[in-house]
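# Results of the structural survey
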Amino acid sequence: MKNIACGFNRRTTSIICNYCVEMDPVHFQMSKKDGKSVLIHSQNAKGFYTLKSPNHISV
């Protein structure tokens, strides 16, 4: 059985604090367009951007 970590981001509630990028710069970056965080390589589902990664172990 594989461990899968799931990250998510809801851009409408972003307060543009850069915390996401500071904690996980591999998966997040700040948008040059609106200054909000972007979850890299994520899929949008009704405003929730999700990313499943089999390379992380949930703690």
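Throughout what follows, the structure given in this document is the object of discussion.

The rules behind the values
- Residues numbered from 1 in each chain as written.
- Predicted model: local features only at pLDDT ≥ 70, side-chain atom pairs only at ≥ 80, totals over all residues.
- Heavy atoms only, no water.
- Helix = DSSP H or I, 4+ residues; strand = E, 2+ residues; numbered from the N terminus.
- Buried < 20%, exposed > 50% of the residue type's maximum accessible area, 1.4 Å probe, protein only.
- Contact = heavy atoms within 4.5 Å.
- Polar contact = N/O pair within 3.5 Å; in protein donor to acceptor, adjacent residues only side chain to side chain.

Check the secondary structure of the chain and you find one helix and five strands. Reading the secondary structure of the chain in the N-to-C direction produces β-α-β-β-β-β. Counting every position in the chain, which comprises 59 residues, the buried fraction comes to 20%. The contacts of the chain with a sequence gap of at least 6 include a subset with a gap of at least 24, amounting to 49%.

With that settled, the discussion passes to the side chain of Ser31. Following the sequence through the fold, Ser31 ends up in the loop between β2 (28–30) and β3 (37–39). Engagement of the side chain of Ser31 in a polar contact is seen with the side chain of Asp34, the distance being 3.2 Å.

On to the environment of Asn44, then. For Asn44, the location among the structural elements is in strand β4 (residues 43–45). Note: C-alpha distance between Asn44 and Asn9 (35 residues apart in sequence) is 9.4 Å. At 3.4 Å, the side chain of Asn44 forms a polar contact with the side chain of Tyr49.

Further remarks concern the environment of Arg11. Mapping Arg11 onto the fold places it in the loop between β1 (5–10) and α1 (19–23). A C-alpha to C-alpha distance of 9.3 Å links Arg11 and Leu39, two positions 28 residues apart in sequence. Ignoring anything within four residues of it in the chain, the contact list for Arg11 reads Ser31, Asp34, Lys36, Ser37, Val38, Gly47 and Tyr49.

Bringing unusual backbone geometry into the picture now. Phi at Asn18 takes a positive value of approximately 75 degrees, unusual for a residue other than glycine. As for its position among the elements, Asn18 is in the loop between β1 and α1. When its relative accessible area of 29% is taken as the criterion, Asn18 is described as partly exposed. In the Ramachandran plot, His41 falls in the positive-phi region, its phi being about 60 degrees despite a non-glycine side chain.

Here we come to the side chain of His27. In this fold, His27 is placed in the loop between α1 and β2. Side chain to side chain, His27 and Asp24 meet in a polar contact 2.9 Å long.

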